[in-house]
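Overview (structure and organization)
What follows is each chain in one-letter form.
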Amino acid sequence: MSLPALRERLKSGVPLVATFSIIPSVEVVELIGLAGFDAVILDIEHGAHGSEALGPLILAARARGLYPLVRVRSSEPTEIAAALDAGAAGVIVPQIGSLAEAEKAVRAARFAPDGNRGANPFVRAADYSGRLEWFAEANRDVAVLLMIEGQGGLADAEHIVKLPHLDGIFIGPMDLSHALGVPGEMAHPEVVSAIRLVIAACKAEGITAGIFAGTPEAAKRWFGEGVSLAGVGVDTGHLLAALRGVVAATKAGQGGPLP
């Protein structure tokens, strides 16, 4: 299924509802698409994905009308390039701790002259075509978002958002809560205040603000405050909640008449 370029969609400001996926399963990705999500965040940082699994998951996402984003393991250029070569619509780079690290990550996602991404036009992302025009097309279409989830990123946030060719900031409230001394308290006033500062910085530069939201209610609140990309929960959590619901409903009270 053909989708508009992710960079184009992000610039529109229309909210994107995503979920994180740490189960390296084509079927799970398909189910996320069938459920109606706009995007899936294939979480290489915390998932059990190997490089050989990423391509099929990206293909499954596109087949089911999902934008496949990849949260890579680190800001290392080889990590970023591998995800993009496999066909990701964009990358989310975790644990950005400084302006220098942010600049390095953005440049790793862009071909020259905008960056220094390794150039190979025979990969899946280029349809194995060898077309030299693909380099400019990838620079135009592929999205790069950086995660601010620690003290270093917060300190440099006002400068990071000004980087050329950056599409947005994705906020990690869980890690942010640990960094601010209130582990796990994603709704703590200090965490919320820090999140709002990052959102305001993104608004000032006209780039996307994204965030992890533990619940749909939290996602809707952040949409109301200017976020336009929400990663709502994780596939393992959604699956566990659904299975528990089935068990609870089955064991509760007496059954009705047979159909």
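What you see is a predicted model; the values in this text were computed from it and never measured.

1. A word on the overall build of the chain
Along the backbone of the chain there are eleven helices and eight strands. Over its C-alpha atoms the chain spans a radius of gyration of 19 Å, differing by no more than 12% from the 18 Å that the globule rule assigns to 259 residues. Of the roughly 12,000 Å² that the chain leaves accessible, carbon and sulfur atoms contribute 59%.

2. Focus on helix H3 (residues 51-63)
Those residues of H3 that fall on the buried side of the exposure criterion are Ala53, Leu54, Gly55, Leu57, Ile58, Ala60 and Ala61. In this fold, the buried residues of H3 make contact with helix H2 (26-35), strand S2 (39-43), strand S3 (67-71) and helix H4 (77-85). A positive phi of about 75 degrees marks glycine 65, the residue just after H3.

3. Description of the nonpolar core
Within the largest apolar cluster, 60 residues are counted, with the highest numbers of intra-cluster contacts made by Val70, Ile80, Leu146, Ile160 and Ile169. Counting residues per element, this core draws most heavily on helix H9 (residues 189-205), which supplies eight residues. Apart from residues no more than four positions distant in its own chain, leucine 146 is found in contact with Val93, Ile96, Ala102, Ala105, Val106, Ile160, Leu166, Gly168, Ile169 and Phe170. Counting 17 residues, the second largest nonpolar core, distinct from the first, contains Phe20, Ile41, Ala89 and Leu229.

4. Focus on the pattern of salt bridges
Scanning the model with the defined rule gives 13 salt bridges in all. Residue arginine 71 pairs with aspartate 43 through a salt bridge whose shortest N-O separation is 2.6 Å. Of this pair, arginine 71 sits in strand S3 while aspartate 43 sits in strand S2, and the two are 28 residues apart along the sequence. Residue arginine 71 is classed as buried on the basis of its relative accessible area, which comes to 9%. Overall, the relative accessible area of 3% leaves aspartate 43 in the buried class. Between arginine 131 and glutamate 137 there is a salt bridge, with the nearest N and O atoms lying 2.7 Å from each other.

5. Observations regarding the environment of alanine 119
With respect to the helices and strands, alanine 119 occurs in the loop between helix H5 (99-108) and helix H6 (134-141). The exposure class assigned to alanine 119 is exposed, which follows from its relative accessible area of 57%. When the C-alpha atoms of alanine 119 and phenylalanine 20 are compared, they prove to be 29 Å apart, with 99 residues separating the residues in sequence. For alanine 119, the residues in contact, after removing those within four places along its chain, are Phe111 and Phe135.

6. A closer look at the packing of aromatic side chains
In the structure shown here, the tally under the stated rule is five aromatic pairs. Seen in terms of ring centroids, phenylalanine 111 and tryptophan 134 are 5.2 Å apart; in terms of plane orientation they differ by 65 degrees. Their pairing is edge-to-face. Within this pair, whereas phenylalanine 111 is found in the loop between H5 and H6, its partner tryptophan 134 is found in helix H6, the two being separated by 23 residues in sequence. Judged by relative accessible area, which is 2%, phenylalanine 111 ranks as buried. Considering the side-chain rings of tryptophan 134 and phenylalanine 135, the 5.7 Å spacing of their centres and the 50 degrees angle between planes classify their relative orientation as tilted. Accessibility expressed as a relative area gives 6% for tryptophan 134, which makes it buried. Under the relative-accessibility criterion, phenylalanine 135 is labelled buried at 18%. Through a chain of ring-to-ring contacts, three or more aromatic side chains come together here, namely Phe20, Phe170 and Phe212.

7. A look at the sheet that holds strand S1 (residues 16-21)
On the basis of which strands lie adjacent, the closed barrel formed by eight strands has the order S1-S2-S3-S4-S5-S6-S7-S8 and parallel pairing. For this sheet the average axis-to-axis angle between neighbouring strands, irrespective of direction, equals 25 degrees. Summarising the sheet, S3 and strand S4 (residues 90-93) pair through three bridges and their orientation is parallel. Considered in S4, the bridge of leucine 69 is made with glycine 90. Across the sheet, helix H7 (residues 151-160) is in contact with strand S5 (143-148) and strand S6 (168-171); its angle to S5 comes to roughly 145 degrees. Helix H11 (residues 235-251) rests against S1 and strand S8 (229-234) of the sheet, and its axis sits at about 50 degrees to S8.

8. Things to note about the side chain of arginine 9
Residue position: arginine 9 is located in helix H1 (residues 6-12). At 4.3 Å, aspartate 38 is the nearest oppositely charged side chain to arginine 9, a buried residue that forms no salt bridge. Among the polar contacts made by the side chain of arginine 9, one reaches the main-chain carbonyl oxygen of proline 15 at a distance of 3.2 Å.

Basis of the calculations
Residues numbered from 1 in each chain as written. Predicted model: local features only at pLDDT ≥ 70, side-chain atom pairs only at ≥ 80, totals over all residues. Heavy atoms only, no water. Helix = DSSP H or I, 4+ residues; strand = E, 2+ residues; numbered from the N terminus. Rg over C-alpha atoms; globule rule 2.2 N^0.38 Å. Areas by Shrake-Rupley, 256 points an atom, 1.4 Å probe, with all protein chains shown as cover. Buried < 20%, exposed > 50% of the residue type's maximum accessible area, 1.4 Å probe, protein only. Contact = heavy atoms within 4.5 Å. Core = buried A, V, L, I, M, F, W, Y, C linked by side-chain atoms within 4.5 Å. Salt bridge = Lys/Arg side-chain N within 4 Å of Asp/Glu carboxyl O. Phe/Tyr/Trp six-rings, centres within 6.5 Å; stacked < 30°, edge-to-face > 60°. Pairing = 2+ DSSP bridges. Axes fitted to C-alpha atoms, helices over the stretch in contact; angles between N-to-C directions. Lys, Arg positive; Asp, Glu negative; His and termini not counted. Polar contact = N/O pair within 3.5 Å; in protein donor to acceptor, adjacent residues only side chain to side chain.

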